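Observations on the model geometry
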Amino acid sequence: MQAITYHGPHKVAVETVDVPKIIEPTDAIVKITVCGLCGSDLHAYRGDQSGVDKGTIMGHEFVGIIHEIGSEITNLSIGDRVLSPFSTSCSTCYYCERGLTCRCEKGQLYGFLSDGQGIHGAQAEYIRVPLASSTLVKVLPDITDNVALLLGDVLSTGYFCAESGLEHLEVELRQVSVVVIIGCGPVGLMAILSSIFLGVKFVFAIDCIEERLKLAEEFGAAALNFVDCDPVEKIKEVTSGRGADVVLEVVGNPAALQLAFKILRNGGVLSSVGVHNSPTFPFSPNDGYNKNLTYKSGRCPVRKMLTKSIPFALSKQFDFEKIITHSLKLSDGEMAYNIFEKKLDGCIKVVFKI
Ligand code: NAD
Ligand code: ZN
Ligand code: ZN
């Protein structure tokens, strides 16, 4: 089968590799119909995440049809259309029982093999899914393949980020709160829609890429280009000098986290889903204390979050697929990584149709 594989920083290749086989009786093999390229793939691609084995199949977003099932699987059948969170989960460990499925004791991230340990990714024609019965979710006929793919990662993560930032606020307070989203990539754009869905009326979105800011505006946010203006001053202007009530950081670099902190008012909530590889915070414990900061962060527990993000998707209030600017073939893999990383050709989200 064809697959996009990792070969070192800024090197991916489209290769012919073996079709995966069932290893454990709890595995399933899924024939992929659509898979995605995600901002998180860029951390490996750029070499920020050391230790990824050469030859690892990249990617963690996919939708497909069950092709084969292990002998212990009873809730899935060959031919089922399924989506998957970006990591596997068991549903029975300490963390899964508490809804933190992204920290499952047996969970693994797709597309992460290091010293031979781990599992291959989804930018391929087939994928082996461990713990399939508690990881995969059957897709309702009302949900398109593209939306199902977004539910497996960016849509659910955007929802998680917004909900984490807003859950302490009653609906009436959400309507008068100022929420700022930093970063208008796929996840940030989903966080904008989620904030609106959760009742926020005053949504601001910050980025420096015009086509992303344009889509943020179409989605209902007021766009701020941080190259053309000082977003801290702009938000102060609309909040009587206080700053934003809630800031969602959806970038994953120190500059964005620092901006998020500066924009936030005293007692505000900073909800961060950007993947950070920096060893330190760009603000001090004393800064946090002086702001009565609430800081929430981490990987989205997608498997759990689907109980909320699927109804959000089914509400049909929003055109989620607008973020998909490029629908390509696996054989376009090298070009796709290049345009997605450099944000060329108006690229926001790439999917590969198999
Ligand atoms: P992306 O790279 O497409 O988008 C990031 C956006 O941030 C870009 O549009 C970029 O122009 C903008 N940006 C860069 N620096 C900025 C700054 N200082 N201020 C404002 N905007 C800035 O990525 P994405 O796919 O939308 O993902 C966003 C982040 O979320 C990544 O770090 C990704 O790894 C992470 N992520 C986390 C989870 C999770 O579970 N926590 C899941 C998926 C993705
Ligand atoms: Zn992802
Ligand atoms: Zn578990």
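Residues numbered from 1 in each chain as written. Chains lettered and ligands numbered in written order. Predicted model: local features only at pLDDT ≥ 70, side-chain atom pairs only at ≥ 80, totals over all residues. Heavy atoms only, no water.

An unreviewed UniProt entry lists the protein under the name 990_t:CDS:1, with Funneliformis geosporum as the source organism. The record in UniProt for the protein states the following under Sequence similarities (unreviewed entry): "Belongs to the zinc-containing alcohol dehydrogenase family." Check the Cofactor (unreviewed entry) section of the UniProt entry for the protein; it says "Zn(2+)". (UniProt positions renumbered as here; feature names shortened; annotations may be inferred.)

Evaluated as defined, the whole model comprises 14 aromatic pairs. Considering the side-chain rings of F62 and Y110, the 5.3 Å spacing of their centres and the 85° angle between planes classify their relative orientation as edge-to-face. Of this pair, F62 sits in strand 4 (residues 61-69) while Y110 sits in the loop between helix 2 (94-97) and strand 6 (112-114); the two residues are 48 residues apart in sequence, bridging distant segments of the chain. An angle of 55° between the planes, with centres 6.4 Å apart, marks the rings of Y159 and F197 as tilted. Of this pair, Y159 sits in helix 5 (residues 154-166) while F197 is found in helix 7 (residues 186-197), placing the two residues 38 residues apart along the sequence. (Phe/Tyr/Trp six-rings, centres within 6.5 Å; stacked < 30°, edge-to-face > 60°. Helix = DSSP H or I, 4+ residues; strand = E, 2+ residues; numbered from the N terminus.)

With that settled, consider the side chain of S271. Summarising the element assignment, S271 is placed in strand 14 (residues 264-272). At 2.8 Å, the side chain of S271 forms a polar contact with the backbone oxygen of C161. In this structure, S271 is in contact with C161, S164, G165, V247, L248, E249 and K296, ignoring residues within four places of it in sequence. (Polar contact = N/O pair within 3.5 Å; in protein donor to acceptor, adjacent residues only side chain to side chain. Contact = heavy atoms within 4.5 Å.)

This next bit is on the UniProt feature "domain: Alcohol dehydrogenase-like N-terminal" (unreviewed entry) in the protein. In the numbering adopted here, UniProt assigns the feature "domain: Alcohol dehydrogenase-like N-terminal" (unreviewed entry) to residues 25-133. Within the segment residues 25-133, helix and strand shares are 12% and 29% respectively, and the terminal C-alpha atoms sit 11 Å apart.

Before going further, it helps to examine the coordination of the zinc ion (ligand 2). Within the protein, the atoms that donate to the zinc ion (ligand 2) are C38 (SG), H60 (NE2) and D153 (OD), at distances of 1.7 to 2.2 Å. For the zinc ion (ligand 2), the single-chain donor residues occur in sequence as C-x21-H-x92-D. With C38 in the loop between strand 3 (28-37) and helix 1 (39-45) and H60 in the loop between helix 1 and strand 4, the pair connects residues that are 22 residues apart, well separated along the chain. A relative accessible area of 3% places C38 in the buried class. (Donors = N, O, S within 2.8 Å, 3.2 Å for Na, K, Ca; no water. Buried < 20%, exposed > 50% of the residue type's maximum accessible area, 1.4 Å probe, protein only.)

Considered domain by domain, the protein is made up of domain 1 (2-153 + 301-353) and domain 2 (155-297). In this assembly, 27 residues from domain 1 lie in contact with 21 residues from domain 2. Surface buried jointly by domain 1 and domain 2 totals about 2,200 Å² across both partners, of which 71% is contributed by carbon and sulfur atoms. Between the two partners, domain 1 and domain 2, sit two salt bridges. The salt bridge involving K322 is made with E218; its shortest N-O contact spans 2.8 Å. Where domain 1 packs against domain 2, one counts nine residue pairs in polar contact (both at pLDDT 80 or more). If you list the elements that add at least two residues to the side of domain 1 that touches domain 2, you get helix 1, helix 4 (145-151) and helix 12 (302-314). For the side of domain 1 that touches domain 2, the element with the highest residue contribution is helix 12, accounting for six residues. Class assignment of the residues belonging to the side of domain 1 that touches domain 2 gives a composition of 14 nonpolar, six polar and seven charged. (Domains from an automatic or database assignment. Buried area = accessible area lost by both parts, 1.4 Å probe. Salt bridge = Lys/Arg side-chain N within 4 Å of Asp/Glu carboxyl O. Nonpolar A, V, L, I, M, F, W, Y, C, P; charged D, E, K, R; others polar.)

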